[in-house]
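Residues per chain, in single letters:
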Amino acid sequence: MKSFAVLILAISSCLCDSQIKSDCDKICDVCSFTRITQDLGAVGEKVTNIADKITLLEIKLQKTEKEVMDLQKHIGGNTSIPQVAFSVALLDSGFGNTGPFDSPTPLRYKNIFSNIGSGYNPSTGIFTAMTKGMYFFRFSMFNNLNSVPNSVVSLMKNGKRLTSVWDTSGSDANDMGSNAVVIPLEVGDNVYVELQANRIVYDDSMNYNTFSGFLLFTL
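Residues numbered from 1 in each chain as written. Predicted model: local features only at pLDDT ≥ 70, side-chain atom pairs only at ≥ 80, totals over all residues. Heavy atoms only, no water.

Worth spelling out the cut-off: UniProt positions are given in the numbering used here, feature names are shortened, and annotations may be inferred rather than shown by experiment.
As recorded by an unreviewed UniProt entry, the chain carries the name Complement C1q-like protein 2 and is attributed to Oreochromis niloticus. Note on the chain: under the UniProt heading Subcellular location (unreviewed entry), the record states "Secreted".

### Details of the overall build of the chain
For clarity, the threshold we go by: Every helix listed is a DSSP run of H or I at least four residues long, and every strand listed is a run of E at least two residues long, numbered separately from the N terminus. Only protein chains enter the calculation, and the probe is 1.4 Å; a residue is then buried if its accessible area is under 20% of its type maximum, exposed if over 50%, and partly exposed in between. Here, residues are in contact when the closest pair of their heavy atoms is within 4.5 Å. Every accessible area reported is derived by Shrake-Rupley at a probe size of 1.4 Å, with residue values counting cover from the shown protein chains alone.
Within the chain, the secondary structure is distributed over one helix and 13 strands. Listing each helix as α and each strand as β along the chain from the N terminus yields α-β-β-β-β-β-β-β-β-β-β-β-β-β. Within the span of the chain, comprising 219 residues, buried residues form 27% of the whole. Of all intrachain contacts in the chain linking residues separated by at least 6 positions in sequence, the fraction that spans at least 24 positions is 73%. Carbon together with sulfur atoms contributes 60% to the accessible area of the chain, which is approximately 14200 Å² in total.

### So, the pattern of salt bridges
To keep it simple, the criterion reads: The salt bridge definition used is simple: a Lys or Arg side-chain nitrogen within 4 Å of an Asp or Glu carboxyl oxygen.
Tallying each qualifying case throughout the model produces one salt bridge. Here lysine 132 makes a salt bridge to glutamate 186, at a shortest N to O gap of 3.9 Å. On the criterion of sequence distance, the pair formed by lysine 132 in the loop between strand S6 (126–128) and strand S7 (133–142) and glutamate 186 in the loop between strand S10 (176–185) and strand S11 (190–195) is long-range, its members being 54 residues apart. Assessed through its relative accessible area of 37%, lysine 132 is described here as partly exposed. Using a relative accessible area of 41% as the deciding quantity, one classes glutamate 186 as partly exposed.

### Section: the pairing of strand S9 (residues 160–167)
Put simply, the rule is: Only when DSSP finds a minimum of two bridges between them are two strands counted as paired.
In this sheet, S9 lies alongside strand S8 (residues 151–157) in antiparallel orientation, the contact comprising seven bridges. If you follow serine 151 over to S9, its bridge partner there is aspartate 167. Two successive antiparallel strands, S8 and S9, enclose a turn made up of two residues, where asparagine 158 displays a positive phi of approximately 50°.

### Things to note about the nonpolar core
What counts is decided by this rule: We define a nonpolar core as any set of buried Ala, Val, Leu, Ile, Met, Phe, Trp, Tyr and Cys residues linked to one another through side-chain atoms lying within 4.5 Å.
Core analysis: the largest hydrophobic core is formed by 26 residues, its most contacted members being Phe137, Val153 and Phe211. Those elements that provide at least two residues to this core are strand S1 (85–89), S7, S8, S10, S11 and strand S13 (210–218). Considering each element in turn, this core owes the most residues, four residues, to S7.

### Structural notes on the packing of aromatic side chains
What counts, and what does not: When the centres of two rings from Phe, Tyr and Trp lie within 6.5 Å, Trp using its six-membered ring, the rings pair. Their planes under 30 degrees apart give stacked, over 60 give edge-to-face, and anything left gives tilted.
Overall, the coordinates contain 13 aromatic pairs when judged by the stated rule. Every member of this aromatic cluster is reached through a ring pair, and the members are Phe86, Tyr109, Tyr120, Phe127, Tyr135, Phe137 and Phe211.

### Concerning the sheet that holds S10
As a reminder of what qualifies: To obtain an axis, a line is fitted to C-alpha atoms, over the contacting stretch when the element is a helix, and the angle between two such axes runs from 0 to 180 degrees between their N-to-C directions.
Taken in spatial order, the five strands of this open sheet run S4-S1-S13-S7-S10, and their pairing is antiparallel. Here the strands that pair on one side only, and so sit at the sheet edges, are strand S4 (111–116) and S10. Taken over all neighbouring pairs, the strand axes of this sheet differ in orientation by 10° on average, direction set aside. Judged from the seven bridges that link them, S7 and S13 form a sheet pairing that is antiparallel. Paired with arginine 138 across the bridge in S13 is serine 212.

Here it is in structure tokens:
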């Protein structure tokens, strides 16, 4: 009878141990699943953050590409902006004085360095604006080689004097000077360099006497 009771207790103990072990295994499985779920949630959150950052980078890249394209248009890709520029010298060959004339006379610069837009006319010495805008002009003058200088030139706009360079006193020679302006022009306005009455300028292959201008921007 005692042996039977001992056997029953042993079997009960084994069953309890097995049940406890099974319950522990189930608890461990639940904990492992919970940890895996938490880990997957953290990974998903990181993936979402990375996706958001990639989206922001794509937006910034598109904005940068647009800015680059706009800049390219401004620095040369936009052919709708007029291109106007010229630079000329007085003589295309030889040397000697130009003048004197009885009345103020536009200097006709024959040596063409550049004439983009064909605004300068070498037959008349006059630049005519074909685009409304702000322009830069510069001219230089070299006096006559006589012992008494006798040179006066003026930059003119539509017959009105803007600025001048002159040398009419002293006993030296081989003097030169220059001047420049920035002015607005309407279509059809004329700009030229005028040799004043009874005055002289000298030039040779060194191209001392020049006249240049270009469009800064349209108006």
